[in-house]
Amino acid sequence: MTAQGDAANPAAGTGAGATPPASAPDRDIAELEDRWLRAMAELDNVRKRHSRELERQRAAERARVASVWLPVLDNLELALGHASDDPFAEGVRATLDQAVEVLARLGYPRHDATGVPFDPAVHEVVTVQDDPDAPPNAVVRVLRPGYGDLRPAAVAVSRQRE
Amino acid sequence: MATAVGIDLGTTNSAIAVVEGGRPTVIASAEGSRTTPSVVAFTESGERLVGQLAKRQAVLNPRGTIYSAKRFIGRRFEEVDEEVRTVTFDVVDGPNGSVRFKVHDKLYAPEEISAQVLRKLVDDAGKYLGEKVREAVITVPAYFNDSQRQATKDAGKIAGLEVLRIVNEPTAAALAYGLDRKGHETVLVFDLGGGTFDVSLLDVGDGVVEVRSTSGDTHLGGDDFDRRLVDHLADKFKNDTGIDLRNDAQALQRLSEAAEKTKVELSSVTQTQVSLPFITADSSGPKHLTETVTRSTFEQITADLVERCLGPVEQAMADGKVSANDIDEVILVGGSTRIPAVQKLVRRLTGGKDPNMSVNPDEVVALGAAVQAGVLKGEVKDVLLLDVTPLSLGVETRGGVMTRIIERNTTIPARRSEVFSTAEDDQPAVDVVVLQGERERAADNRVLGRFQLTGIRPAPRGEPQVEVIFDIDANGILNVTARDKDTGAEQGITISESSNLDTSEVERMVTDAEANQAQDRRLREAVDARNTLDSIAHQVEKTLSDLGDNAPAHERARAEMLVSETREAVSDEAPVERVRELTDELTQVLNGLMAAQSSAPAPPPGGSSATASDDDDVVDADFDRV
Ligand SMILES: Nc1ncnc2c1ncn2[C@@H]1O[C@H](COP(=O)(O)OP(=O)(O)OP(=O)(O)O)[C@@H](O)[C@H]1O
Ligand SMILES: [Mg+2]
């Protein structure tokens, strides 16, 4: 404690002894204060950026983990397409529903509706079909369901009429 | 200060980067991906889509979806005959022989399309940065002529940007590696992306980068490798089943995705499994595609694609009058340079030189553009250069190990503290040994200084709290203070030579630590295990004395026997297995004793005393008794 006080004194003494540029130490202080404030502000900004980045990384990692399970779900669903309506298949179907529910709860709801207008936010066109019964630009078939932001639904869309 | 960005405006995909905190980083799009497809679509309903969304509707709207605008920008209609034939939209002759895209009876200049892509990139970046982006450095291939460069600049203007500079892609790559700051060098930049291949030879050094020669193949890239795999898998499947998957949109979609994934995997493993169950079905039932693809098979079916890279490299070297021996550095750019066969070819052509690929090859151009933007804005000028601690700093603790307080590479000035305690009952003083280094054993590190804190009031071990504070100022001067929280007494030392090690000494110490990592970890585990065992033995003894005659005789006998075995094991430095075994047994005994204690009528014991030592951040220090 005392050592600090001693160290400060000679500095103050020389500053006061010099006559004209009394403003020089003031300028130094102002500059140092400015630098200090900038450093504190930068620290604060880094902290904010870091917490935003953390949020983003968390979302990205969750999406990455969820995505690698999608092919498993797809294949289970394709398999069920070949099953008959026995109690065994029913049980497996319930399991699939459960998995779809899990994804929805994680924030990736399933998109598999047909008859809706094509929307690039949730659909990706894989093929175009002539379908006289459907309005143009409507989803006529879902080739592979979509899940939230993980993956758009791969769809067949009715042709636009020229 | 407004932020300036760097943009890699690509044929297939584009990327944007910014210098943040002195380092360039790529900014992800609003959809969360690090690149944005260079695609713009005009829908029937008059909507305009850019990037991922435009790409998703391309099949539905082939004539209204513009891609590869970069192949047309700044060129004359008569020059683009070839390109016109490969795209699905209409390309027409515009004013003064220029190129125009015709969509729904409206004409668009290529620079207007590129402007849309740029707009989307800077808008997304603005959202990330929390401020509007107004200035940018944009990259173009080294072979672009004046008119192509001017048109790219105009695209920036249309997008509302001030284009600080148009920079060559290979130059940006060299900047990302900081090669311009080194001495004079000849650099080969090998860029194999999704659909284009470029080779450039650069003269680099003393802050200047000049292009000596360029060559390439405007229609060669990773997509070609994907198609080979699709055909390979589809042909095999057709042989086995008679069904051509390429005629089934759903199957082809899955197959194409699987092909790219397989290709990417084969860059890091030598074989992988393609598994597409229920890919199709016929009257006999469902069909599955399961196929093992080895790297050598992949290399066979793509050998000619890799060979096609050879000609342009030789051409560039001939044009630049450079032989393999003259090349000082090789930089790999573009995602497809991750393919091992491609890397092998590059090594072969450059006399076995190890290429630079530590910067992500599909981001290096955008990163280099951001560096250039940062330099032009003087962003790097005003940064205060902050020092770091070259080696970790800490104190010696029980068992002769080093406990780190300031990790190496911590930016200074810095202040860190930790609370320690005594290792013995009624210990009146602690020795603080200040260490520097990366090894676990205290004796393997450098002793910077030592001092003693005396006058600790008599107390059971683990109870006194001694705060040890490490404070390094901006000049690297280290102040270590130990303070008894109970009495407020403190003692300290100032060490000025903590930072004046030469780099070779620092390197030696770091390499030593790396070389001995496994051994050091085992040592640390052993010491930690012994310390744990010792604490439990201590608690057992304490509980026994608290219980007095209330301790069941057989439990007492067993406990005393185990405690004496423990003392022996600790002083003999018994192997970890033995220590863990004793720890388990003693823990059981302790639990038994504590059960007896809580049912005994004796003075109510502190049930928490068993866990007190783990409760907070108090570390038992190896403070020798004086
Ligand atoms: N690990 C990998 N192994 C092999 N290929 C890879 C790997 N990672 C990415 N690729 C391929 O790299 C290509 C994309 O590279 P990049 O992003 O550099 O291209 P681009 O800039 O979009 O294309 P261009 O420069 O031709 O316009 C894709 O074909 C992708 O499959
Ligand atoms: Mg590219």
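Here, the structure is the one placed above.
As a starting point, this report considers the structure included with it. All of these numbers come straight from a predicted model, not from anything done at the bench.

Criteria and thresholds
Residue positions are given per chain, counted from 1 along the sequence in the order it is written. Labels are handed out in written order, letters beginning with A for the chains and numbers beginning with 1 for the ligands. With the structure being a predicted model, the display of local features is reserved for residues of pLDDT at least 70 and the display and counting of side-chain atom pairs for 80 or more, all residues being used for whole-chain, interface and lining totals. To get the side-chain values, all heavy atoms of the structure are used, and hydrogens and water are removed first. Only DSSP runs of H or I covering at least 4 residues are called helices, and only runs of E covering at least 2 are called strands; the numbering of each starts at the N terminus. C-alpha atoms define the radius of gyration in this analysis, and the globule rule sets the expected value at 2.2 Å times the number of residues to the power 0.38. Burial status follows relative accessibility: with a 1.4 Å probe on protein chains alone, a residue under 20% of its type maximum counts as buried, one over 50% as exposed, and anything between as partly exposed. Here, two residues are considered to be in contact whenever any of their heavy atoms come within 4.5 Å of each other. Per-residue accessibility takes into account occlusion by the displayed protein chains alone, with areas from the Shrake-Rupley method and a 1.4 Å probe. The convention is simple: Lys and Arg are positive, Asp and Glu are negative, and His and the chain ends are not counted. Taken as the charge centre is NZ of Lys, CZ of Arg, CG of Asp or CD of Glu, depending on the residue. Note on terminology: a nonpolar core comprises buried Ala, Val, Leu, Ile, Met, Phe, Trp, Tyr and Cys residues joined through side-chain atoms within 4.5 Å. Buried area is understood as the total, over both parts, of accessible area removed when two parts are fitted together, assessed with a 1.4 Å probe. Here, a salt bridge means any side-chain nitrogen of Lys or Arg that lies within 4 Å of a carboxyl oxygen of Asp or Glu. Identification of polar contacts relies on pairs of N or O atoms within 3.5 Å, with a donor-acceptor requirement for protein atoms, meaning one able to donate a hydrogen and the other able to accept it, and with residues adjacent in sequence counted only if both atoms are side-chain atoms. All residues other than Ala, Val, Leu, Ile, Met, Phe, Trp, Tyr, Cys, Pro, Asp, Glu, Lys and Arg, Gly among them, are scored as polar; the first ten of these are nonpolar and the last four charged. Between any two strands, at least two bridges found by DSSP are needed for them to pair.

**A few points about the overall build of chain B**
Tallying secondary structure elements over chain B gives 17 helices and 27 strands in all. Scaling as 2.2 N^0.38, a compact globule of 626 residues should have a C-alpha radius of gyration of about 25 Å, whereas chain B reaches 34 Å, well beyond that. The C-alpha extent of chain B, read off along each of the three principal axes, is 105 × 70 × 55 Å. Expressed as a percentage of its 626 residues, the buried residues of chain B come to 50%. Within chain B, contacts between residues at least 6 apart in sequence are counted, and of these 65% link residues at least 24 apart. Roughly 29,200 Å² of accessible area belongs to chain B as shown, and the carbon and sulfur atoms make up 45% of that amount. Charged side chains in chain B number 70 positive and 105 negative. The centres of these two groups are separated by 5 Å.

**Description of the nonpolar core**
With 43 residues, the main nonpolar core has Phe190(B), Phe197(B), Leu255(B) and Leu289(B) as its most contacted residues. Once residues lying within four places of it in the same chain are set aside, the contact partners of Leu289(B) are Leu233(B), Phe237(B), Leu245(B), Leu255(B), Val274(B), Ser275(B), Leu276(B), Pro277(B) and Ile279(B).

**As for the interface of chain B and chain A**
In this assembly, 20 residues from chain B lie in contact with 29 residues from chain A. Here chain B and chain A share an interface that buries about 2,300 Å² over both sides, 57% of which is from carbon and sulfur atoms. Taken together, the links from chain B to chain A amount to 2 salt bridges. Residue Arg49(A) is joined to Glu20(B) by a salt bridge in which the shortest nitrogen-to-oxygen separation is 3.6 Å. Between chain B and chain A we count 7 residue pairs in polar contact (both at pLDDT 80 or more) in total. Those elements giving two or more residues to the side of chain B that touches chain A turn out to be helix H1 (52-56), helix H7 (249-265) and strand S16 (271-282) of chain B. The dominant element in the side of chain B that touches chain A, judged by the number of residues it contributes, is H7(B), at 5 residues. A class-by-class count of the residues in the side of chain B that touches chain A yields 11 nonpolar, 4 polar and 5 charged.

**Quick look at the pairing of strand S8 (residues 90-93) of chain B**
Residue and element names in this part refer to chain B. Both S8 and strand S9 (residues 99-103) contribute to a ladder of 4 bridges, which runs antiparallel. Across the sheet, residue valine 92 finds its bridge partner in S9, namely arginine 100. In textbook terms, the turn of a hairpin is the stretch between consecutive antiparallel strands, and for S8 and S9 this stretch comprises 5 residues, one of which, asparagine 96, has a positive phi near 55°.

Geometric descriptors of this kind do not, in isolation, establish any biological role.
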